[in-house]
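Listed here are the chains, written in short residue letters.
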Amino acid sequence: MTSGGALTSVSTQRDGSQTWYPVKLYQLSKAGKLCVPAMNVNDSVTKQKFDNLYCCRESILDGLKRTTDVMFGGKQVVVCGYGEVGKGCCAALKALGSVVCITEIDPICALQGCMDGFRVVKLSEVVRHVDVIITCTGNKNVVTREQLDRMKNGCIVCNMGHSNTEIDVASMRTPELTWERVRSQVDHVIWPDGKRVILLAEGRLLNLSCSTVPTFVLSITATTQALALIELYNAPESRYKQDVYLLPKKMDEYVASLHLATFDAHLTELSDEQAKYLGLNKNGPFKPNYYRYYWSARLEMQFNSSSFPPLA
Ligand SMILES: NC(=O)c1ccc[n+]([C@@H]2O[C@H](COP(=O)([O-])OP(=O)(O)OC[C@H]3O[C@@H](n4cnc5c(N)ncnc54)[C@H](O)[C@@H]3O)[C@@H](O)[C@H]2O)c1
């Protein structure tokens, strides 16, 4: 089971390197190096849409505020990667009045960004002018030394994506750059001309290092993980081979249903006639496996702004 991948290297025997992210599990499975069945919890709807999106939407601001005390209204922000984590970060910063741009490699996510009202740019095009850069890609070296050299004085750089790979922090440990620890988890990296780049959490995950993470979201993720373990443990041997599996949809729905009571949310039950019409079992699953549960930052922001009273 993995939701971020810390256990992956344990399950591979022949691969001693630190591996991460479910994509690695799929690579190992394809290469025949996976020694046990694995459950990819990261891509369960109840993990991805809540931990990655809603959790990061809240904890990005907490992490930025606690470390910098900066006002983010009007600040130029670039969010690298418009996946689930990126969408959460963008929504939070846009709601604060930041001017948010995104970078993407995937045309579909880039187009989603356009529809949600964000400019899609290359980091190298804007890096000279921006105030804040946040990485959310799961990739490596998304922010390079060459780009760090071109940033303006006071630019804040942080990572919300994977581990410590996204910002090339090692490239800043050179003799001409001075590091000054200004408070816990905040370093000023000083160039010979006096320019300072503000690096948060030394490029590790900002929210896990510098903020709290909402326990409600952790409860959803932990429930998903626990159910995945129970399923792997209880399943007959023939059900799962040395491969990577997604949690059955019905369990995802069960995790969500367990958390509805917190909001006093009341589900509507299908009538027999409606269930037959839709071709569904009345007890679920309610969606096919390919259903995407899209979330639109734009719709949400329209909703939020329409809830403000009109000006007299
Ligand atoms: N900070 C947290 O609390 C937290 C929570 C959940 C997940 N994560 C981590 O965040 C990372 C992203 O998760 P996600 O669910 O958003 O994944 P995702 O796959 O939905 O999104 C990542 C996006 O980055 C894009 N991308 C990849 N390389 C890029 C590059 N060089 N430049 C620009 N865009 C690029 C991809 O096309 C993709 O759209 C993962 O490593 C995940 O483990 C962090």
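All of these numbers come straight from a predicted model, not from anything done at the bench. (Residues numbered from 1 in each chain as written. Predicted model: local features only at pLDDT ≥ 70, side-chain atom pairs only at ≥ 80, totals over all residues. Heavy atoms only, no water.)

**Description of the confidence of the model for the protein chain**
Summing up the model confidence of the protein chain, the mean pLDDT is 89 and the portion of residues at 70 or higher is 88%. Contacts for the low-pLDDT stretch residues 13–19, under 50 throughout, to residues beyond four places or in other chains number ten contacts. Counting contacts from residues 297–312, a segment whose pLDDT is below 50, to residues more than four positions away or on other chains yields nine contacts. (pLDDT = per-residue confidence, 0-100. Contact = heavy atoms within 4.5 Å.)

**Remarks on the sheet that holds strand 5 (residues 132–135)**
Pairing is mixed in the open sheet, where eight strands are placed in the order 4-3-2-5-6-9-8-7. Taken across any chain shown, the strands that pair with only one partner, and hence form the sheet edges, are strand 4 (119–120) and strand 7 (178–183). Here strand 8 (residues 186–190) runs beside strand 9 (residues 196–200); their pairing, made up of five bridges, is antiparallel. The residue bridging Asp 187 from the neighbouring strand is Leu 199, located in strand 9. (Pairing = 2+ DSSP bridges. Helix = DSSP H or I, 4+ residues; strand = E, 2+ residues; numbered from the N terminus.)

**Here we look at helix 4 (residues 107–115)**
When we look at burial in helix 4, the residues that qualify are Cys 109, Ala 110, Gln 112 and Gly 113. Take helix 4 and look down its axis: the buried residues cluster within an arc of 155°, on one side only. In this structure, helix 4 carries Pro 107, Ile 108, Leu 111 and Met 115 as exposed residues pointing more than 90 degrees from its buried face. The N-capping residue of helix 4, defined by a side-chain oxygen 2.8 Å from the backbone nitrogen of Ile 108, is Asp 106. Once helix 4 finishes, Gly 117 follows within two positions and takes phi at roughly 95°, a positive value. (Buried < 20%, exposed > 50% of the residue type's maximum accessible area, 1.4 Å probe, protein only. Arc of directions from axis to C-beta. Polar contact = N/O pair within 3.5 Å; in protein donor to acceptor, adjacent residues only side chain to side chain.)

**Examining the environment of Gly 203**
You can see Gly 203 is positioned in the loop between strand 9 and helix 7 (206–210). The buried category is assigned to Gly 203, whose relative accessible area is 0%. Linking Gly 203 and Val 169, residues 34 residues apart in sequence, is a C-alpha distance of 6.5 Å. Once residues lying within four places of it in the same chain are set aside, the contact partners of Gly 203 are Asn 159, Ser 163, Asn 164, Ile 167 and Val 169.

**Looking at helix 8 (residues 215–234)**
In this model, helix 8 (20 residues) spans 28 Å end to end at C-alpha, consistent with the 28 Å of a helix rising 1.5 Å per residue. Inspection of helix 8 places Val 217, Ile 220, Thr 221, Thr 223, Thr 224, Leu 227, Ala 228 and Glu 231 among the buried residues, and these make up the whole buried set. When helix 8 is viewed along its axis, its buried side chains cluster within an angular range of 155° and face the same direction. In helix 8, those exposed residues whose orientation departs by more than 90 degrees from the buried face are Thr 215, Tyr 233 and Asn 234. In this structure, the buried side of helix 8 is in contact with strand 1 (38–39), helix 2 (45–68) and helix 9 (249–260). (Expected span 1.5 Å × (residues − 1).)

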